[in-house]
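As a plain string of letters, each chain reads:
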Amino acid sequence: MSVQRMTSPYDSRSTAFEVLEGVDLTGRHYVVTGGASGIGAESARALARAGGQVLIGTRDPTSAQALIDEVAAAPGRGSVQAAALDLTSPSSVAAFTRSVDGAVDALVANAGVMAIPTRQLTSVGWETQLATNYLGHFALALGLRDRLRAAEAGRVVVVSSSAHLRSPFDFDDPQFERRPYDRWTAYSQSKTADVLLATGIAERWGGDGIVANALMPGWITTRLQRHLDDETLRSMGAMDEEGNRIEQSFYKTPQQGASTTVLLAASPLVDGVTGRYFEDNQEAATVPDGAGRTNGVAAYAVDRSAAGRLWDLGSSALA
Ligand SMILES: NC(=O)c1ccc[n+]([C@@H]2O[C@H](COP(=O)([O-])OP(=O)(O)OC[C@H]3O[C@@H](n4cnc5c(N)ncnc54)[C@H](O)[C@@H]3O)[C@@H](O)[C@H]2O)c1
């Protein structure tokens, strides 16, 4: 049976402001991880501009002060606040969730790290990219489940990446204990885990009225690329021989990069949509595997049994 793909009137060049034009989020509450920089900051800005009350989870709440002040200075808008959250620390995630009361209309699992050069482990013994991008967000979603249930139709939005097309989740060796550590495979696997997280939540929490979707924001120059050396940036076409960053037509601005996130977090156009993967404000096609592809969602990332297996693995790590 084929299911019709969701479409929206927006495309790769649409901004987060455009996607929420005419949408009134007054009285709605949003949690955005990593919302003090990059795509997360633009998502928070757009949600607040539409009237929403946004709580940013960030390791350093002072880093969100400029955004908090900017929104506070705009009368008639929503608000932005920030609280400490380190996704690599289960106790930090627990403290953050305890500080949230009332309903949460959407959790935006946006924070992430990419291509850490060497294998690093967190306090729970997980490789840092997987721990940050996936496990911390899994713990956060579990901690906020009641808050999402308290909303009329709680949404979970997981910011993944087309990098997931480069690697399925390796259940035999997720922490690179037996295979050599590869920073790109580690990132790609963590982004597959992100799609599986949305798939698992959609499957398990639908009875609570909670929906969950994942997305690829597009390519955007942010601090995410800070671990990349000049040679890698040149090979990506992002730097010239003199070391100047190149603005390419396929790169988006952070405002454009945040558009698919806010569509899924707050637009009525996707009411009730769940278990899907979006890019450029459209639902992506499912492809058999990721080899050689830059678009679409790999079948292994939306596989329900893999999502269940990962749920069990994450639950054991947090127990
Ligand atoms: N920029 C791109 O081209 C691109 C492409 C595909 C996917 N993404 C995804 O978009 C998301 C946002 O990335 P961005 O490009 O805005 O980069 P960014 O570096 O500006 O934002 C990432 C945020 O995550 C936060 N973070 C990192 N580790 C954390 C931790 N342990 N606890 C709490 N917060 C932590 C950082 O402080 C930062 O604010 C990421 O999930 C990334 O994988 C980005």
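Residues numbered from 1 in each chain as written. Predicted model: local features only at pLDDT ≥ 70, side-chain atom pairs only at ≥ 80, totals over all residues. Heavy atoms only, no water.

If you look the protein up in an unreviewed UniProt entry, it shows as Probable oxidoreductase from Agromyces aureus. Taken from UniProt, the Sequence similarities (unreviewed entry) comment for the protein reads in full: "Belongs to the short-chain dehydrogenases/reductases (SDR) family." (UniProt positions renumbered as here; feature names shortened; annotations may be inferred.)

Draft legend 1. Main features of the overall build of the protein. Broken down by element type, the protein carries eleven helices and twelve strands. By the compact-globule yardstick of 20 Å for 319 residues, the protein fits well, its C-alpha radius of gyration being 18 Å. Counting only C-alpha atoms and orienting by the principal axes, one finds that the protein spans roughly 50 × 50 × 45 Å. Residues counted as buried form 54% of the 319 residues belonging to the protein. Counted over contacts in the protein with a minimum sequence separation of 6, partners at least 24 positions apart contribute 74%. For the protein, the centre of its 28 positive side-chain charges and the centre of its 36 negative side-chain charges are spaced 3 Å apart. (Helix = DSSP H or I, 4+ residues; strand = E, 2+ residues; numbered from the N terminus. Rg over C-alpha atoms; globule rule 2.2 N^0.38 Å. Buried < 20%, exposed > 50% of the residue type's maximum accessible area, 1.4 Å probe, protein only. Contact = heavy atoms within 4.5 Å. Lys, Arg positive; Asp, Glu negative; His and termini not counted. Charge placed at Lys NZ, Arg CZ, Asp CG, Glu CD.)

Draft legend 2. Structural context of the pairing of strand 4 (residues 106–109). Residues A106 and V108 line one face of strand 4 and the alternating positions L107 and A109 line the opposite face, and both faces are buried. Where strand 1 (residues 29–33) lies against strand 4, three bridges are found, and the strand directions are parallel. Directly across from V31, in strand 4, lies its bridge partner L107. When strand 4 meets strand 5 (residues 155–159), the two strands line up parallel, connected through four bridges. Paired with V108 across the bridge in strand 5 is V157. (Pairing = 2+ DSSP bridges.)

Draft legend 3. Fine view of the packing of helix 5 (residues 128–143) against helix 7 (residues 183–205). Taken N-terminus to C-terminus, the directions of helix 5 and helix 7 make an angle of 15°; their axes are 7 Å apart at the nearest point. In terms of axis orientation, helix 5 runs roughly parallel to helix 7. For the crossing formed where helix 5 meets helix 7, the hand is right-handed. Taken together, the residues of helix 7 that come into contact with helix 5 (itself represented by Q129, L130, N133, Y134, H137, F138, A141 and L142) are R183, A186, Y187, Q189, S190, K191, A193, D194, L197, I201 and W205. (Axes fitted to C-alpha atoms, helices over the stretch in contact; angles between N-to-C directions. Parallel < 35°, antiparallel > 145°, perpendicular 65-115°, else oblique. Left-handed = near helix turned anticlockwise from the far one by under 90°.)

Draft legend 4. Here's a closer look at the nonpolar core. Counting residues in each nonpolar core, the largest one holds 51 residues, and the members touching the most others are F96, L107, Y134, L140, V156 and I201. Broken down by secondary-structure element, the contributors of at least two residues to this core are helix 4 (90–98), strand 4, helix 5, strand 5, helix 7, strand 6 (211–216), strand 12 (297–298) and helix 11 (304–318). Listed in part, the 37 residues of the second largest apolar core include L67, V71, A266 and F278. (Core = buried A, V, L, I, M, F, W, Y, C linked by side-chain atoms within 4.5 Å.)

Draft legend 5. Representation of the confidence of the model for the protein in the model. Model confidence for the protein is summarised by a mean pLDDT of 95, while 98% of its residues fall at 70 or above. If you check the scores for this complex, the pTM reads 0.96 and the ipTM reads 0.99. (pLDDT = per-residue confidence, 0-100.)

Draft legend 6. View of the packing of aromatic side chains. Tallied over the entire structure, the rule returns seven aromatic pairs. When the centroid spacing of 5.8 Å and the interplanar angle of 15° are considered together, the rings of Y134 and F138 count as stacked. Placement of the pair is Y134 and F138 together in helix 5, with a separation of four residues, close to one helical turn. Each member of the pair, Y134 as well as F138, is classed as buried. (Phe/Tyr/Trp six-rings, centres within 6.5 Å; stacked < 30°, edge-to-face > 60°.)

Draft legend 7. Expanded view of the site of the ligand. Every one of the 29 residues lining the ligand counts as a neighbour, but S37, I39, N110, Y187 and T222 are closest to it. I220 is positioned with one of its backbone polar atoms (N or O) 2.8 Å from an oxygen atom of the ligand. One of the side-chain N or O atoms of T222 is found 2.6 Å from an oxygen atom in the ligand. When the ligand is considered free in solution it has 830 Å² of accessible area, and contact with the protein chains removes 96% of it. More than half of the atoms of the ligand fall within 2 Å of the grid points belonging to the largest pocket. Elements supplying a minimum of two residues to the shell around the ligand: helix 2 (38–49), helix 7 and strand 7 (219–220). Among the residues forming the shell around the ligand, the class breakdown is twelve nonpolar, twelve polar and five charged. (Near = heavy atom within 4 Å. Polar contact = N/O pair within 3.5 Å; in protein donor to acceptor, adjacent residues only side chain to side chain. Areas by Shrake-Rupley, 256 points an atom, 1.4 Å probe, with all protein chains shown as cover. 1 Å grid on protein atoms, 1.4 Å probe; cavity = no way out; pocket = protein on both sides within 12 Å on 5 of 7 lines; lining within 4 Å. Sits in = over half its atoms within 2 Å of the grid points. Nonpolar A, V, L, I, M, F, W, Y, C, P; charged D, E, K, R; others polar.)

Draft legend 8. Spatial organisation of the pattern of salt bridges. Under the counting rule described, the total for this entry stands at 14 salt bridges. A salt bridge links R179 to D173, with the nearest nitrogen and oxygen atoms 3.7 Å apart. Its relative accessible area of 5% is what places D173 among the buried residues. Ionic pairing is found between K252 and D280, a salt bridge with its closest N-O pair at 2.6 Å. In this pair, K252 is assigned in strand 8 (residues 251–252) and D280 in the loop between strand 9 (277–279) and strand 10 (282–283), connecting sequence segments 28 residues apart. Linked through salt bridges whose partners overlap, the residues forming this network are R145, D146, R149 and D208. (Salt bridge = Lys/Arg side-chain N within 4 Å of Asp/Glu carboxyl O.)

Draft legend 9. Region of the structure containing the environment of A284. Within the secondary structure, A284 is located in the loop between strand 10 and strand 11 (286–287). With a relative accessible area of 5%, A284 lands in the buried category. A C-alpha to C-alpha distance of 6.3 Å links A284 and V297, two positions 13 residues apart in sequence.

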